[in-house]
Amino acid sequence: MIQLVVNGRKHTVDLDSATPILWALRDALGLTGTKFGCGAGLCGACTVHLDGEAIRSCSTAISDAKGKRITTIEAATASTTRIGAAVHAAWVRHDVAQCGYCQSGQIMSAIAFLNGLPRGTQPSAADIDTAMAGNICRCGTYARIRAAVADAASAIA
């Protein structure tokens, strides 16, 4: 039995400690917003926050989450989080999603990036591209993603 803190709530899961966080979230806890993409931590579809840092949940074991807080897309864009709400609103304004499969990972990476910026900082297009480089969008909505991240940064400045 392993205890996880997910979206501010304690959960106990009966899984092997090597189980990837992704499968604990999806299969044991029913939080299906985090997606499986490549299984190797390369595409970013499975991105969640571990103590506020963007990580790939498909390649991070639940044992690595012991004593830490996991935040998923289900909580990250709640209206109670200033940056998450700004990113969500910008995603809608810029009509970012096409098929939508990668979007939870994209949004989680964008939130982590913006959380790390000094308040009032407007990132350049190159800064955004670098921050989002680990997230793949098969539909190619990168220009809309960049615009939405820049818009969210302006909104929280």
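In the block above lies the structure referred to throughout.
So, here's what we can say about the structure. Keep in mind that what you see is a predicted model, and the values were worked out from it rather than measured. (Residues numbered from 1 in each chain as written. Predicted model: local features only at pLDDT ≥ 70, side-chain atom pairs only at ≥ 80, totals over all residues. Heavy atoms only, no water.)

## Details of helix α4 (residues 103-116)
Over its 14 residues, α4 extends 20 Å from the first C-alpha to the last, a length consistent with the 20 Å expected when each residue adds 1.5 Å. Of all 14 residues that make up α4, 12 are buried, and the element is covered over most of its length. Turning to α4, its buried residues are Q103, S104, G105, Q106, I107, M108, S109, A110, I111, A112, F113 and L114. (Helix = DSSP H or I, 4+ residues; strand = E, 2+ residues; numbered from the N terminus. Expected span 1.5 Å × (residues − 1). Buried < 20%, exposed > 50% of the residue type's maximum accessible area, 1.4 Å probe, protein only.)

## Some points on the pairing of strand β3 (residues 47-50)
Here β3 shows a buried face lined by T47 and H49 and a second buried face lined by V48 and L50. In this sheet, strand β4 (residues 53-56) lies alongside β3 in antiparallel orientation, the contact comprising 4 bridges. Pairing of H49 across the sheet is with A54, part of β4. Connecting β3 to the antiparallel partner β4 that follows it, the hairpin turn spans 2 residues, and D51 within it adopts a positive phi of roughly 50 degrees. Summarising the sheet, β3 and strand β5 (residues 69-71) pair through 2 bridges and their orientation is antiparallel. Within the sheet, the bridge partner assigned to H49 lies in β5 and is T71. (Pairing = 2+ DSSP bridges.)

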